[in-house]
Amino acid sequence: MVTKLVPVYPIILIPTFADTKNLSPCIKPHGSGSVTVGASEERFGQVLKYYFGDWVHSQQEMLPNGHDRPYTADFVIIEPNTELYLDIEVDESHCFSTGEPTHFIGDDDYRNKCFVDAGWVIIRFAEEQVVSQPERCCRFIANVVAKLSGNESLSYHFADVPQLTPVKQWSRREAASLKKKKYRQGYLSTTP
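Residues take numbers from 1 onward in each chain, read along the sequence in its written order. With the structure being a predicted model, the display of local features is reserved for residues of pLDDT at least 70 and the display and counting of side-chain atom pairs for 80 or more, all residues being used for whole-chain, interface and lining totals. Only hydrogens and water are removed before side-chain values are computed, so all heavy atoms of the structure are retained for them.

(A) Looking closely at the packing of aromatic side chains. Within 6.5 Å between ring centres, the rings of Phe, Tyr and Trp (the latter by its six-membered ring) count as paired, and their orientation is classed by plane angle as stacked under 30 degrees, edge-to-face over 60, tilted in between. In total, this model carries 11 aromatic pairs according to the counting rule given. Seen from their ring centres, Tyr-183 and Tyr-187 are 5.5 Å apart, and the 70° between their planes marks the pair as edge-to-face. Note that Tyr-183 and Tyr-187 are positioned in helix 6 (residues 183-188) at a spacing of four residues, about one turn of the helix. We call a residue buried when its accessible area falls under 20% of the maximum for its residue type, exposed when it is over 50%, and partly exposed in between, using a 1.4 Å probe and counting protein chains only. Note on Tyr-183: relative accessible area 34%, which makes it partly exposed. In DSSP terms, a helix is any run of H or I states spanning at least four residues, a strand is any run of E spanning at least two, and both are numbered starting from the N terminus.

(B) Quick peek at the nonpolar core. Core analysis: the biggest nonpolar cluster contains 30 residues, and Phe-44, Phe-52 and Ile-141 have the highest contact counts within it. In terms of residues, this core owes the most to one element, helix 4 (residues 134-149), which gives six residues. Throughout, a residue-residue contact means that at least one pair of heavy atoms, one from each residue, lies within 4.5 Å. Apart from the residues lying within four places of it in its own chain, the contact partners of Ile-141 are Phe-44, Leu-48, Phe-52, Ile-77, Ile-88, Ile-123 and Phe-125. We define the nonpolar core as a collection of buried residues of types Ala, Val, Leu, Ile, Met, Phe, Trp, Tyr and Cys that are connected through side-chain atoms lying within 4.5 Å of one another. Membership of the second largest hydrophobic core comes to 10 residues, among which are Met-62, Val-76, Phe-115 and Val-116.

(C) Examining empty space enclosed by the protein more closely. The method works on a 1 Å grid over the protein atoms by themselves. A cavity is a set of points holding a 1.4 Å probe that cannot get out, a pocket is an open set with protein on both sides within 12 Å along at least five of seven lines, and residues with an atom within 4 Å of a point line them. Grid points are joined across faces, edges and corners, and a volume is the space filled by probe spheres set on the points. Inspection of the entire model under this criterion finds one cavity of 30 Å³ or more. Approximately 50 Å³ is the volume attributed to the largest cavity. Surrounding the largest cavity, Asp-91, Glu-92, Ser-93, Ala-126, Glu-127, Glu-128, Trp-170, Leu-178, Tyr-183, Arg-184 and Tyr-187 form its lining. The set of elements that each furnish at least two residues to the lining of the largest cavity consists of helix 3 (127-132) and helix 6. Taken together, the residues that form the lining of the largest cavity break down as five nonpolar, one polar and five charged. Note on residue classes: Ala, Val, Leu, Ile, Met, Phe, Trp, Tyr, Cys and Pro are nonpolar, Asp, Glu, Lys and Arg are charged, and everything else, Gly too, is polar.

(D) Spatial organisation of the side chain of Asn-151. Structurally, Asn-151 can be placed in the loop between helix 4 and strand 8 (167-168). For Asn-151, a relative accessible area of 14% translates into the label buried. Here a polar contact is recorded for every N or O atom pair within 3.5 Å, except that within protein the pair must consist of a potential hydrogen donor and a potential acceptor, and residues adjacent in sequence are included only if both atoms are side-chain atoms. Side chain to side chain, Asn-151 and Glu-79 meet in a polar contact 2.8 Å long. A polar side-chain atom of Asn-151 sits 2.7 Å from a polar atom in the side chain of Ser-153. Excluding anything up to four places from it in sequence, Asn-151 contacts Trp-55, Glu-79, Asn-81, Val-145 and Ala-146.

(E) A look at the pattern of salt bridges. Should a side-chain nitrogen of Lys or Arg be within 4 Å of a carboxyl oxygen of Asp or Glu, the pair is scored as a salt bridge. Evaluation of the coordinates by the stated rule reveals eight salt bridges. Arg-124 is paired through a salt bridge with Asp-108; the nearest N and O atoms lie 3.1 Å apart. Residue Arg-124 is located in strand 7 (residues 121-126), and its partner Asp-108 is located in the loop between strand 6 (84-91) and helix 2 (109-117); the two are separated by 16 residues in the primary sequence. Neither residue differs from the other here; Arg-124 and Asp-108 are each classed as buried. Salt-bridge contacts for Arg-184 lead to Glu-127; the nearest nitrogen and oxygen are separated by 2.8 Å. Here the residue Arg-184 occupies a position in helix 6, and Glu-127 occupies one in helix 3, the gap between them amounting to 57 residues. Residue Arg-184 is classed as buried on the basis of its relative accessible area of 6%. One continuous salt-bridge network, built from bridges that share partners, spans Asp-87, Glu-89 and Arg-111.

(F) Looking closely at the environment of Thr-82. In this structure, Thr-82 sits in the loop between strand 5 (71-79) and strand 6. Exposure remark for Thr-82: the relative accessible area of 42% places this residue in the partly exposed category.

Printed below as a string of C-alpha cells:
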C-alpha cells in the first residue's frame, strides 16, 4: 500500500539556484496585475508592508520565458541585498464570484513550475492562515528570507511570535464541500 502525503500550508517551493534560467525575471510595473484583490489579501498586504516595508509589491506580473501571457503574484517580496524574489500567494478553496474550486492539490503545479524555473521562491499560505495568523505568516517569510539570503534583519520583530499553525491543502472534492459548508464565510466574518 502506498501512502500519499497531503500537502500542508504553508507550502514552500525553492528553486535550485545553480540551475535557474533567469535570475532577473521579467516583471511589469508595480500593481500592473488585473486579478481582483480580495479583502483578506488587502488586509494581509497591510501587515506585510508594516513588517517588510518597500520590499513588498502587490499584484506584480511575471512573464515566464516562452509565454505570451504573464502570471500575477499576489505579493512579491524582494530582498534588496541578494535580490531574492519571493512569490507570496494567498490560496482560497473556491472563488466567491464563480463558486469554482481553486488552489486544490495539483491546480497550481504548472504555474509554480514557471516561477521556480525563473528563480523565484514560492510561499503559499491558506487564506485562513493570513486572516487568523498574519504575524505568524510574516514570521515564516522572515525565516525563509534569513535562511536563503542570510539577511536576519527582520528576525527580531518575530522573537515572541509563535509558529504558524499548519493547514491541510484541499482536494477538488474537499474544496466543493468547503463551499457548501460556507467555510470561507465563517473565518472571513470573524476578522475585524
